[in-house]
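Inside the fold
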Amino acid sequence: MVFGDIHLELQGELSVYVNSFAILTKSLLPLQDKYHGLTDVDKRYRQRYVDMIANPEVADIFRNRAKIVSEIRKTVESLGFVEVETLVLQGAAGGAEARPFVTHHNSLGRDLYLRIATELHLKRMLVGGFEKVYEIGRIFRNEGISTRHNPEFTTIEMYEAYSDYQSMINMAEEIVTRCAVAVNGKLKIDYQVNVFSLAIL
């Protein structure tokens, strides 16, 4: 923490004339230099906090993701859906074709599986009387790993009784357009040299 006065140098650079400072925590390793930034892809994905310091635009991705998840919740709940939380530890892995992570429950004396999908338990909520349910939840699949494939990821699954694929198409369009407005403030997205419109026709 630095205390002092801010002055404008003759070259136009803002500088701080330090009166006092306090070290808040020790630094065992120096940060990457600001010019080159953090370029090691493996380190960027394993140490996201360092990536955010070295490449501030990365923090914008996290902020935008938070806006998107919030907007998804607002949208589906405005349509009458109820958010539920289903089991993460399951007696049998089901709902998808994937290899599960296995763990052991000491009190029960049996192996359990981290879920590979939320599907089956959400459908049981429909059977139990909830006509519109959804879950934004973590999924765990014991498969390959790369910068493009994480064995632990978030999905959204939703189910509505007495509806068909057309109602899901309409809802997906509504979610995408609302998320675009929440993040970009408009329905047109600039990507590389192209401009895409997300307006519903």
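In this report, the structure presented in the accompanying data block is examined. (Residues numbered from 1 in each chain as written. Predicted model: local features only at pLDDT ≥ 70, side-chain atom pairs only at ≥ 80, totals over all residues. Heavy atoms only, no water.)

With respect to the nonpolar core
- Ranked by size, the top nonpolar core spans 10 residues in total: Val69, Ile72, Val76, Phe81, Tyr134, Ile136, Met158, Met171, Ile175 and Cys179.
- Sorting the residues of this core by element identifies α3 (57-78), β7 (132-140) and α5 (165-184) as the ones contributing at least two each.
- Not counting residues within four places of it along the chain, the set of residues in contact with Ile175 comprises Ile72, Thr75, Val76 and Met158. (Core = buried A, V, L, I, M, F, W, Y, C linked by side-chain atoms within 4.5 Å. Buried < 20%, exposed > 50% of the residue type's maximum accessible area, 1.4 Å probe, protein only. Helix = DSSP H or I, 4+ residues; strand = E, 2+ residues; numbered from the N terminus. Contact = heavy atoms within 4.5 Å.)

Quick word on α5
- End to end, α5 covers 28 Å across 20 residues, agreeing with the expected 28 Å (1.5 Å per residue, within 8%).
- Buried-residue contacts for α5 involve α3 and β8 (152-160).
- The backbone nitrogen of Gln166 has a side-chain oxygen 3.0 Å away, supplied by the residue at the start of α5, namely Asp164.
- Remark: Gly185 follows α5 within two positions and exhibits a positive phi of approximately 80 degrees. (Expected span 1.5 Å × (residues − 1). Polar contact = N/O pair within 3.5 Å; in protein donor to acceptor, adjacent residues only side chain to side chain.)

Some thoughts on the pairing of strand β1 (residues 2-8)
- Of the pairings in the sheet, the one linking β1 to strand β2 (residues 14-21) comprises 7 bridges and is antiparallel in character. Within β2, the residue paired with Phe3 across the bridge is Ser20.
- Hairpin connection between β1 and β2: a loop of 5 residues separates the two successive antiparallel strands, and Gly12 in this loop has a positive phi of roughly 90 degrees. (Pairing = 2+ DSSP bridges.)

With respect to the side chain of Glu157
- Locating Glu157 in the fold gives a position in strand β8.
- Despite its burial, Glu157 remains without a salt bridge, the nearest opposite charge being carried by Arg141 at 6.2 Å.
- Polar contacts involving the side chain of Glu157 include one to the side chain of Thr118, which spans 3.3 Å.
- For Glu157, the side chain forms a polar contact with the side chain of Tyr159, separated by 2.6 Å.
- For Glu157, the contacting residues outside a window of four places in its chain are Ala117, Thr118, Glu119, Leu122, Val133, Tyr134 and Glu135. (Lys, Arg positive; Asp, Glu negative; His and termini not counted. Salt bridge = Lys/Arg side-chain N within 4 Å of Asp/Glu carboxyl O.)

No statement about biological role is implied by the geometric values presented.
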